[in-house]
Amino acid sequence: MPVLHCAHALLPSGWAEGVAIHHAAGLIIRIETGLEAASPDATIALPGLASLHSHSFQRGMAGLAERRGTSEDSFWTWREVMYRFLGEITAEDVETIAAFAFMEMLERGFTAVGEFHYLHHQPDGTPYANPAEHAERIAAAAARTGMGLTLLPVFYAHGGFGGQAPNAGQRRFLSDLDGFARLMEASRRAIAGLPDAVLGFAPHSLRAATPDELSTLVATFTDGPVHIHVAEQVKEVQDCLAWSGQRPVEWLLAHQPVDERWCLIHATHLTAEERRALARSGAVAGLCPITEANLGDGIFPGADFLAEGGRFGVGTDSNVEISAPGELRMLEYGQRLALRARNAMSLPGLSTGRVLHDAALAGGAQALARPMGIVPGARADLVTLRPDAPDLAGRSADAWLDSYIFTGGHTLIDRVYAAGALVVDKGRHQGHEALAGAYRRVIERLAGSL
Ligand code: NGQ
Ligand code: ZN
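Summary of the structure given here. Small disclaimer: the values here were computed from a predicted structure and weren't measured.

## Re the overall build of the protein chain
Logical step 1: When helices and strands are tallied, the protein chain shows 14 helices and 17 strands.
Logical step 2: Taken against the 2.2 N^0.38 rule, which gives 22 Å for 450 residues, the C-alpha radius of gyration of the protein chain at 21 Å falls within 12% of a compact globule.
Logical step 3: Its C-alpha atoms give the protein chain principal-axis dimensions of roughly 65 × 45 × 45 Å.
Logical step 4: Counting only residues that meet the buried cut, the protein chain has 59% of its 450 residues in that class.
Logical step 5: Summarising the internal contacts of the protein chain: among those between residues at least 6 apart in sequence, 74% fall at separations of at least 24.
Logical step 6: Carbon and sulfur atoms make up 50% of the accessible area of the protein chain, which amounts to about 17100 Å² in all.

## With respect to the nonpolar core
Most often, soluble globular proteins keep nonpolar side chains buried together rather than apart.
Logical step 1: Judged by nonpolar contacts, the single largest core of 131 residues is most densely connected at Leu-252, Leu-264 and Phe-312.
Logical step 2: Broken down by element, the residue count for this core peaks at ten residues, all from helix α2 (residues 91-107).
Logical step 3: Apart from the residues lying within four places of it in its own chain, the contact partners of Phe-312 are Val-284, Ala-285, Leu-287, Phe-305, Leu-306, Leu-331, Met-345, Leu-356, Ala-359, Ala-360 and Gly-363.
Logical step 4: Core analysis: the second largest hydrophobic core is formed by 14 residues, Leu-4, Cys-6, Leu-11 and Tyr-417 among them.

## Here we look at the site of ligand 1
Logical step 1: Neighbouring residues of ligand 1: 14 residues in total, closest Arg-79, Tyr-118, His-204, Arg-207 and Glu-232.
Logical step 2: Within the contact set of ligand 1, an oxygen atom lies 2.7 Å away from a side-chain nitrogen or oxygen of Arg-79.
Logical step 3: One of the side-chain nitrogen or oxygen atoms of Tyr-118 is found 2.7 Å away from an oxygen atom of ligand 1.
Logical step 4: Computed on the free molecule, ligand 1 has an accessible area of 340 Å², of which 99% lies beneath the protein chains in the complex.
Logical step 5: Here the element with the most residues in the shell around ligand 1 is helix α1 (residues 75-86); it accounts for four residues.
Logical step 6: Among the residues making up the shell around ligand 1, the classes are represented as five nonpolar, five polar and four charged.

## Remarks on the packing of helix α11 (residues 324-339) against helix α13 (residues 398-408)
Logical step 1: Across the interface, α11 lies against α13 with an axial gap of 8 Å and an inter-helix angle of 80°. In terms of orientation, α11 lies roughly perpendicular with respect to α13. In this structure, α11 uses Pro-325, Leu-328, Arg-329, Glu-332, Tyr-333 and Arg-336 to contact α13, whose residues at the interface are Tyr-404, Ile-405 and Phe-406.
Logical step 2: The class makeup of the residues in the contact of α11 with α13 is six nonpolar, no polar and three charged.

## Observations regarding the pattern of salt bridges
Logical step 1: In the structure shown here, the tally under the stated rule is 20 salt bridges.
Logical step 2: For Arg-144, the salt bridge identified is with Glu-95, shortest N-O distance 2.7 Å. Taken together, the residues Arg-144 in helix α3 (residues 133-145) and Glu-95 in helix α2 connect sequence positions 49 residues apart.
Logical step 3: Exposure remark for Arg-144: the relative accessible area of 46% places this residue in the partly exposed category.
Logical step 4: Note that Arg-354 and Asp-398 form a salt bridge whose closest N and O atoms lie 2.9 Å from each other. Taken as a pair, Arg-354 in helix α12 (residues 352-368) and Asp-398 in helix α13 lie far apart in primary sequence, 44 residues in all.
Logical step 5: One salt-bridge network, held together by shared partners, links Glu-92, Glu-95, Glu-133, Arg-137 and Arg-144.

The rules behind each value
Residues numbered from 1 in each chain as written. Chains lettered and ligands numbered in written order. Predicted model: local features only at pLDDT ≥ 70, side-chain atom pairs only at ≥ 80, totals over all residues. Heavy atoms only, no water. Helix = DSSP H or I, 4+ residues; strand = E, 2+ residues; numbered from the N terminus. Rg over C-alpha atoms; globule rule 2.2 N^0.38 Å. Buried < 20%, exposed > 50% of the residue type's maximum accessible area, 1.4 Å probe, protein only. Contact = heavy atoms within 4.5 Å. Areas by Shrake-Rupley, 256 points an atom, 1.4 Å probe, with all protein chains shown as cover. Core = buried A, V, L, I, M, F, W, Y, C linked by side-chain atoms within 4.5 Å. Near = heavy atom within 4 Å. Polar contact = N/O pair within 3.5 Å; in protein donor to acceptor, adjacent residues only side chain to side chain. Nonpolar A, V, L, I, M, F, W, Y, C, P; charged D, E, K, R; others polar. Axes fitted to C-alpha atoms, helices over the stretch in contact; angles between N-to-C directions. Parallel < 35°, antiparallel > 145°, perpendicular 65-115°, else oblique. Salt bridge = Lys/Arg side-chain N within 4 Å of Asp/Glu carboxyl O.

Purely geometric numbers; function is a separate question.
Encoded structure:
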């Protein structure tokens, strides 16, 4: 049985020395500690994290929506730019961009992704003959890069609360309940060739699915995680109040069986009561701090939520900047700026980096319904740090994590193993050149559409 030897590794029980990770068919079978290896595969090994929320195609417009328009810019004007950008994307482009985004995720600390996949149809809105045309592309991108995939096909039927008609920019997303059932079936086949892929589903938001549709979906698709965007923007909270008399998270907790199966993406705008109820529900708050900052969403009440036992993970969402340590850093810095305090998402006496990393590992695993971490049964995924990096000098254990998250970031990543295979060496994915070359050709064409 193949073995990965690590001089130091972060296990669920804490840091361990002389760790031998035995794996077979991509999964960890057994872990031994206290074994010296002459030339270990890694000096400092961390578990890979999950990017629990990604729209991979949006990687293609990263940096292209940072010009101010004629009126005030907002999330909603960004969304118009995004709709224009996706208007030109072909099925081949979907795969090329997803493969590039997944490669970057692997190079930057993520070994699993929750792909919140809503770009289903052709540019004019006509369905493909194969409803999983794009889902197959995403599965192919995961296979090519080594990414652990939880595919979340998205149900999207309306343009606003109360079943409002969708607009032209949304025509590539739309299905009715029957169409969505066919998409789910085809998506299940699309990922069948990936040994560790998971299928969940995602009603896009309370704007895109009516209460009846939501209830039918939840009753019909009883396996796998349920993800939904919720309470990201103040306008969304106001519109929800006008429609239902309740705030989005309040409405969801009152009308759906929100529990450990659920992941509420963003959940930015919460009253103290909603925050406590969400923590009690056991659902994961799917935080996307870099995207939330980029889109001007607001700041999730993370410090209070953590203190109340709330579960969270992080996602790269728009993929405007991909970095696992970067998401954790932004999450903590948002709290510091809002609270004018330091070490806010932490617990007394503990390393903030360690608390953030442990919580995001557990929350990501729960939200993507896949075992993660350096434990038997999980995929053999490791992120190793460059032991000679000046930023890591003179420290050990949790101080490595603090320096990774707050100082060196993903530039400290050395090797990444995915399902036991070496996919990133010296910070570079084995397929980097080919994937980046193909991506560049696609983007040179698409950038012209903005
Ligand atoms: C999305 N993204 O579906 O890509 C959304 C924007 C919407 C984020 N919320 C569109 N970050 O929510 O309608
Ligand atoms: Zn999103």
